[in-house]
Amino acid sequence: MTNSAALRVTWPVVTALATVWLPLAAAGPAKTLIAHRGASGQAPEHSRAAYELAMAQGADFVEQDLAVTKDGVLICLHDDTLERTSNVAEVFPDRFTREAIIRQPGRHWLANDFTVDELRRLDTGRWFGTRFAGQRIVTFQEAIDLVRSKPGTGLYPELKSPPLYTGRGVDMVGLFVAQVKKNALDAPASLKTTPMIVQSFDEPTVRRLAQELPSVPRVLLLGQFESGGMTQARLRDIRTFADGIGPEKRLIAAQPDVVANAHAAGLTVTAWTFAAKSLEGHASVRSEMAHFLDDLGIDALFTNDPDQFPR
Ligand code: G3P
Ligand code: CA
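Residues numbered from 1 in each chain as written. Chains lettered and ligands numbered in written order. Predicted model: local features only at pLDDT ≥ 70, side-chain atom pairs only at ≥ 80, totals over all residues. Heavy atoms only, no water.

Trainee: When you look at the environment of Q179 in this model, what are you seeing that I'm missing?
Mentor: Looking at the element boundaries, Q179 is found in helix α7 (residues 172-182). Sequence separation between Q179 and I144 is 35 residues; the distance between their C-alpha atoms is 10.0 Å. With near-sequence residues (within four places) excluded, Q179 lies in contact with L74, F140, Q141 and I144. (Helix = DSSP H or I, 4+ residues; strand = E, 2+ residues; numbered from the N terminus. Contact = heavy atoms within 4.5 Å.)

Structure follows, in structure tokens:
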């Protein structure tokens, strides 16, 4: 075959490939959708219903905020206390804490004061809507088993309040590491089929996880930047123990160059939290997410509304 004949054969192939490739290249790297407490805009947060809906809506990851029961079981719960998202005050009226651990006014029922069997008696769905009545607390193990049933979907656990547990003589990080290893979630084969990224606001926790679970990617959550903003030196320091930062979205809007600076330091940027019920200056949660992903260049986000994620 002459060179010109080769060209005649090759160009249609090149054209066909370009038809597929160029739009993909223009779209840039795939962005990641994390279902915040499950599909928590449409089902009670951290319920099985919210997790299943998130998976059905195509979430890349399902988030689990973690707490520890009195008998050392990791459960999926955002608050340290139970009263906002369950009927604990009805079922255990006298079991509120007498300790001054929680600063908000009123009575508080600490998850760490109850065994997992006691917590299974609580209704964790009715507060959100009567059609969710009968939802029960989800243990981390149950969440692992559920998410693993759909290969390709990942776990995104957050270690909430490790210092609270340390103050009560409970090694939350140790319990988490043991459960990850028991399930071999840190093994390369598992990470391939069930990816996992671990997150915490507590920097010593993330630093410890870097030592004890080095194969599992880690995100340091940030509720605020240091006065003067996030510096490149600080980002390089974070990179020594974490793979990404997780800033509250308004921090990124206030300092948009943090995204490029984080990328330059080798860190991903994952913003939180995008919710149709708490829109700020955008026509829709979909357009708000698109702005942060496409205009500001973040890599991933947490949303209560996975079905609105702009693919
Ligand atoms: O973990 C990311 C985001 O969920 C942090 O906020 O309070 O909802 O856990 P919070
Ligand atoms: Ca969280």
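Moving on from the model shown.
Trainee: I tried to follow the coordination of the calcium ion (ligand 2) on my own but got confused; where do I start?
Mentor: A four-donor tetrahedral metal ideally has 109.5 degree angles, and a six-donor octahedral metal ideally has angles of 90 or 180 degrees. Only E63 (OE), D65 (OD) and E158 (OE) from the protein reach the calcium ion (ligand 2) as donors, at distances of 2.1 to 2.4 Å. Here the calcium ion (ligand 2) is ringed by six donor atoms whose angles at the metal span 60 to 159 degrees, and the overall shape comes out irregular. Counting gaps between the donor residues of the calcium ion (ligand 2) yields the pattern E-x1-D-x92-E. With a gap of 93 residues between them, D65 in strand β2 (residues 61-68) and E158 in strand β4 (residues 154-159) connect regions that are remote in the sequence. (Donors = N, O, S within 2.8 Å, 3.2 Å for Na, K, Ca; no water. Tetrahedral: all angles 85-135°; square planar, octahedral: opposite > 155°, others 65-115°.)

Trainee: Please explain the site of ligand 1 as it appears in this structure.
Mentor: Every residue near ligand 1 is listed here: H36, R37, E63, D65, H78, E158, K160, Q199, F201, L221, W272 and F302. Within the side chain of H36, one N or O atom sits 2.7 Å away from an oxygen atom of ligand 1. Here E158 contributes a side-chain N or O atom positioned 3.0 Å from an oxygen atom of ligand 1. Bound to the protein, ligand 1 loses 91% of the 280 Å² it would expose on its own. Class assignment for the residues of the shell around ligand 1 results in four nonpolar, three polar and five charged. (Near = heavy atom within 4 Å. Polar contact = N/O pair within 3.5 Å; in protein donor to acceptor, adjacent residues only side chain to side chain. Areas by Shrake-Rupley, 256 points an atom, 1.4 Å probe, with all protein chains shown as cover. Nonpolar A, V, L, I, M, F, W, Y, C, P; charged D, E, K, R; others polar.)

Trainee: In this structure, what is going on with α7? I would like to understand it.
Mentor: What sets the pattern is the α-helix's 3.6 residues per turn: residues three or four places apart point alike. Where α7 is concerned, the buried positions are M172, V173, F176, V177, Q179 and V180. Projected down its long axis, α7 shows its buried positions confined to an angular sector of 165 degrees, all on one face. The first or second residue beyond α7 is A184, which carries a positive phi of 55 degrees. (Buried < 20%, exposed > 50% of the residue type's maximum accessible area, 1.4 Å probe, protein only. Arc of directions from axis to C-beta.)

Trainee: Even after reading the chapter, I still don't get the confidence of the model for the protein chain, so can you show me in this structure?
Mentor: Predicted coordinates in areas of low pLDDT are best not read in detail. Taken over all residues, the pLDDT of the protein chain has a mean of 92, while the share at 70 or more is 91%. Counted against residues more than four places away or in other chains, residues 1-25, with its pLDDT under 50, gives three contacts. (pLDDT = per-residue confidence, 0-100.)

Trainee: I'm lost on the pairing of strand β8 (residues 268-274) in this one. Help?
Mentor: Here is the key point about a regular strand: its side chains alternate between the two faces of the sheet. The element β8 is largely enclosed, with a buried count of six among its seven residues. The sheet contact formed by β8 and strand β9 (residues 300-303) spans three bridges and is parallel. Paired with A271 across the bridge in β9 is L301. With respect to chirality, the unit in which β8 leads through helix α13 (residues 285-295) into the neighbouring parallel β9 is right-handed. (Pairing = 2+ DSSP bridges. Right-handed = clockwise from strand over helix to strand, strands pointing away.)

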